[in-house]
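Coordinate analysis (summary)
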Amino acid sequence: LAWHVQQAHSDVSGRWVQAVLRQGPGGQAALAVEQELSSLLQHMRVPHVVASPTVLPGGIYRVPVWFPQPQAIIDVDVQGDRLASGALGGGAELRRQQLRSTGLRVLTFEASTLGRSSKMQRLRALAEVVAESCPEAADWLASAEGAASARDDSQQRDA
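Residues numbered from 1 in each chain as written. Predicted model: local features only at pLDDT ≥ 70, side-chain atom pairs only at ≥ 80, totals over all residues. Heavy atoms only, no water.

As for the nonpolar core
Ranked by internal contacts, the top residues of the largest apolar core, which has 23 residues, are Leu37, Leu41, Met44, Phe67, Ile74, Leu126 and Val130. At the level of elements, helix H3 (27–43), strand S2 (63–67), strand S3 (72–77), strand S4 (105–110), helix H6 (119–130) and helix H7 (135–142) are the ones that each hand at least two residues to this core. Val130 has contacts with Leu41, Phe67, Ile74, Leu107 and Ala137, leaving out every residue within four places of it along the chain. In terms of nonpolar packing, the next biggest core, distinct from the first, is built from eight residues, Val63, Trp66, Ile73 and Leu104 among them. (Core = buried A, V, L, I, M, F, W, Y, C linked by side-chain atoms within 4.5 Å. Buried < 20%, exposed > 50% of the residue type's maximum accessible area, 1.4 Å probe, protein only. Helix = DSSP H or I, 4+ residues; strand = E, 2+ residues; numbered from the N terminus. Contact = heavy atoms within 4.5 Å.)

So this is what it looks like as structure tokens:
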């Protein structure tokens, strides 16, 4: 709603609109996810910008991670983005469509991965998501540490 008001009535949009757009959805939970993703990307030595609303015209969304060079962002699936069937909900679909319309490549990451797995599994899951856009992540997957994460993941599934 705030984004719509800003787009349709930019000359009269008030402090409420600016505050809502600046805060973004899910405040504290979003901050924890941003910090975790950044920590994992730093571990893999993937250059990135954390939590930037300035990536998009008008700051319509606060993206958790932006990769300036390949013009890609990570959009995190959070509770409410998926329907009971597992299909993508309308709000998440619209958000991703709007992100793509700005020329950004949207890389999707499931937030629940961060809480249910070991650090090596989280590293691997994130590297697999961003490897196509970030060669550093692909290099990490090919490294000895990346190979060890694959073994760790395989052992967890077998257990």
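Some thoughts on unusual backbone geometry
For Arg45, which is not glycine, the phi dihedral falls at a positive 65°. You can see Arg45 is positioned in the loop between H3 and strand S1 (49–52). Its identity as a non-glycine residue notwithstanding, Gln71 has a phi of 55°, on the positive side. Along the polypeptide, Gln71 turns up in the loop between S2 and S3.

Topic: the confidence of the model for the protein chain
Do not read the predicted coordinates in detail wherever pLDDT is low. For the protein chain, mean pLDDT is 80; residues scoring 70 or higher make up 71% of the total. Ranking the elements of the protein chain by mean pLDDT puts helix H1 (residues 2–8) last with 53 and H7 first with 95. (pLDDT = per-residue confidence, 0-100.)

Regarding the pairing of S4
Looking at chain direction, S3 and S4 are connected through six bridges and run parallel. Note on S4: the bridge partner recorded for Ile73 is Val106. In this view, the connection linking S3 to its parallel neighbour S4 by way of helix H4 (residues 90–101) has right-handed handedness. (Pairing = 2+ DSSP bridges. Right-handed = clockwise from strand over helix to strand, strands pointing away.)

A short note on the pairing of S2
The element S2 is largely enclosed, with a buried count of five among its five residues. In terms of strand pairing, S2 meets S3 through three bridges, oriented antiparallel. Each bridged residue has a counterpart across the sheet, and for Phe67 the counterpart in S3 is Ala72. Between the antiparallel neighbours S2 and S3 lie four residues, among them Gln71 with a positive phi of about 55°.

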